[in-house]
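# Coordinates in review
The chain contents come next:
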Amino acid sequence: MVTDRLGVARGIAAAVALFVAGQQAVAADFEPVDVAAPKNPWQIRLRALGVLTEDSGYVNGIPGSDLSYSDTVTPELDISYYFTDNLAAELILGTTYAKIDGGGTISGLGEIGKVWVLPPTLTLQYHFTNFGAFKPYVGAGATYAMFYNQDATNADDIDVKDTFGGALQVGFDYMVNEHWGVNFDVKKLFLEPKYDVTVGGTALTGKAKLNPWLIGTGVTYRF
């Protein structure tokens, strides 16, 4: 009886040993998964962007002169790189146009001209990471506005000069999952380019105080 029990015990021990050895062999075939692996530092967003200008400016030598500009909606792409979970740099790329109208004492001119502007803007951002899927951020940086395809309307010629400016930013992402989210973003650009204009054969100069608000919403993808 004792011998039988010893045989059964040895059989169970042998079976357990074989099972454990088998599990170790299976586990050896799989790479360990690092659940704490960092995310890819790159992120892109595609936004619809409303461009709302300040409607201010002047022509040198004409008291009471003023300027106004058309507001537009345009698509915009931005590319972000995360140095850490909190610090990132963002480059926005988009182009739009503005109609320039005379105001104040030169309102009789009506539309002076139309120009296209490409203002690539680079900001350094701080991202708050303690709100779960809601990820707000603030940023500041610089822009360089390039004006092209400039067409005079009720003027002989117009030339708006390229210029640097500052940028402030606030926004948030709401992440639906690890990769996809929705974004809302507001930027203030400080742009006051100088320009040359010729009206009725008379060469004039001035400053266009655009200082636009950029209000955007769209889709975020984190690689």
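Provided above is the structure to which this section pertains.
Residues numbered from 1 in each chain as written. Predicted model: local features only at pLDDT ≥ 70, side-chain atom pairs only at ≥ 80, totals over all residues. Heavy atoms only, no water.

### Some thoughts on the nonpolar core
Counting residues in each nonpolar core, the largest one holds 24 residues, and the members touching the most others are Leu67, Ile100, Ile112, Phe147, Val160 and Tyr195. Contributions of two or more residues to this core are made by β1 (42-52), β3 (65-69), β7 (111-118), β9 (134-152), β10 (157-160) and β13 (194-199). Among the elements that make up this core, the one with the highest residue count is β7 (three residues). The residues touching Ile112, leaving out its near neighbours within four places in the chain, are Leu67, Ile100, Asp101, Gly102, Ile106, Ala152, Thr153, Asn154, Ala155, Ile158 and Val197. (Core = buried A, V, L, I, M, F, W, Y, C linked by side-chain atoms within 4.5 Å. Buried < 20%, exposed > 50% of the residue type's maximum accessible area, 1.4 Å probe, protein only. Helix = DSSP H or I, 4+ residues; strand = E, 2+ residues; numbered from the N terminus. Contact = heavy atoms within 4.5 Å.)

### As for the sheet that holds strand β14 (residues 202-209)
Strand order across the open sheet formed by four strands is β2-β14-β13-β10, with antiparallel pairing between neighbours. Of all the strands in the sheet, just β2 (56-59) and β10 have a single pairing partner and so form its edges. Ignoring strand direction, the axes of neighbouring strands in this sheet form an average angle of 20°. Pairing of β13 with β14 involves six bridges; the strand directions are antiparallel. From the neighbouring strand, Val199 faces β14, where its bridge partner is Thr202. (Pairing = 2+ DSSP bridges. Axes fitted to C-alpha atoms, helices over the stretch in contact; angles between N-to-C directions.)

### Observations regarding the environment of Gln150
Tracing the backbone through its elements, the reader meets Gln150 in strand β9. In this structure, the C-alpha to C-alpha distance between Gln150 and Trp116, residues 34 residues apart in sequence, is 6.6 Å. When residues no more than four places from it in sequence are discounted, the contact partners of Gln150 are Lys114, Val115, Ile158, Asp159 and Val160. Polar contacts involving the side chain of Gln150 include one to the main-chain amide nitrogen of Val160, which spans 2.6 Å. (Polar contact = N/O pair within 3.5 Å; in protein donor to acceptor, adjacent residues only side chain to side chain.)

### Describing unusual backbone geometry
Both trends apply: most residues other than glycine have a negative phi, and most peptide bonds are in trans. Positioned with a positive phi, Asp55 is a non-glycine residue whose angle comes to about 60°. Among the secondary structure elements, Asp55 is positioned in the loop between β1 and β2. One non-glycine residue, Asn211, lies in positive phi territory at about 40°. By the element assignment, Asn211 lies in the loop between β14 and β15 (213-222). Asn211 sits in the buried class, given a relative accessible area of 6%.

### Regarding the environment of Lys161
Of note, Lys161 is situated in the loop between β10 and β11 (163-175). Residue Lys161 is classed as partly exposed on the basis of its relative accessible area of 33%. In sequence terms Lys161 and Asp196 are 35 residues apart; their C-alpha atoms lie 8.1 Å from each other. What Lys161 contacts, discounting residues up to four positions off in sequence, is Phe147, Pro193, Lys194, Tyr195 and Asp196. A polar atom in the side chain of Lys161 sits 2.9 Å from the side chain of Asp159.

### Some remarks on the packing of aromatic side chains
Given two aromatic rings, one states the distance between the centres and the angle between the planes to describe the pair. In total, this model carries eleven aromatic pairs according to the counting rule given. Ring centres of Phe172 and Phe184 lie 6.2 Å apart, and the angle between their planes is 35°; on these two criteria the pair is classed as tilted. With a gap of twelve residues between them, Phe172 in strand β11 and Phe184 in strand β12 (residues 180-190) connect regions that are remote in the sequence. Look at Tyr221 and Phe223: their rings are 5.0 Å apart centre to centre, the planes differ by 85°, and that puts the pair in the edge-to-face class. The exposure class assigned to Tyr221 is partly exposed, which follows from its relative accessible area of 23%. Within the aromatic cluster, the residues linked to one another by ring pairs are Phe131, Phe134, Phe172 and Phe184. It is Lys114 that lies over the ring of Tyr97; its NZ or CZ is 4.4 Å from the centre. Over the ring of Tyr82 we find Arg222, and its NZ or CZ is 4.0 Å from the ring centre. (Phe/Tyr/Trp six-rings, centres within 6.5 Å; stacked < 30°, edge-to-face > 60°. Lys NZ or Arg CZ within 6 Å of the ring centre and 35° of its normal.)

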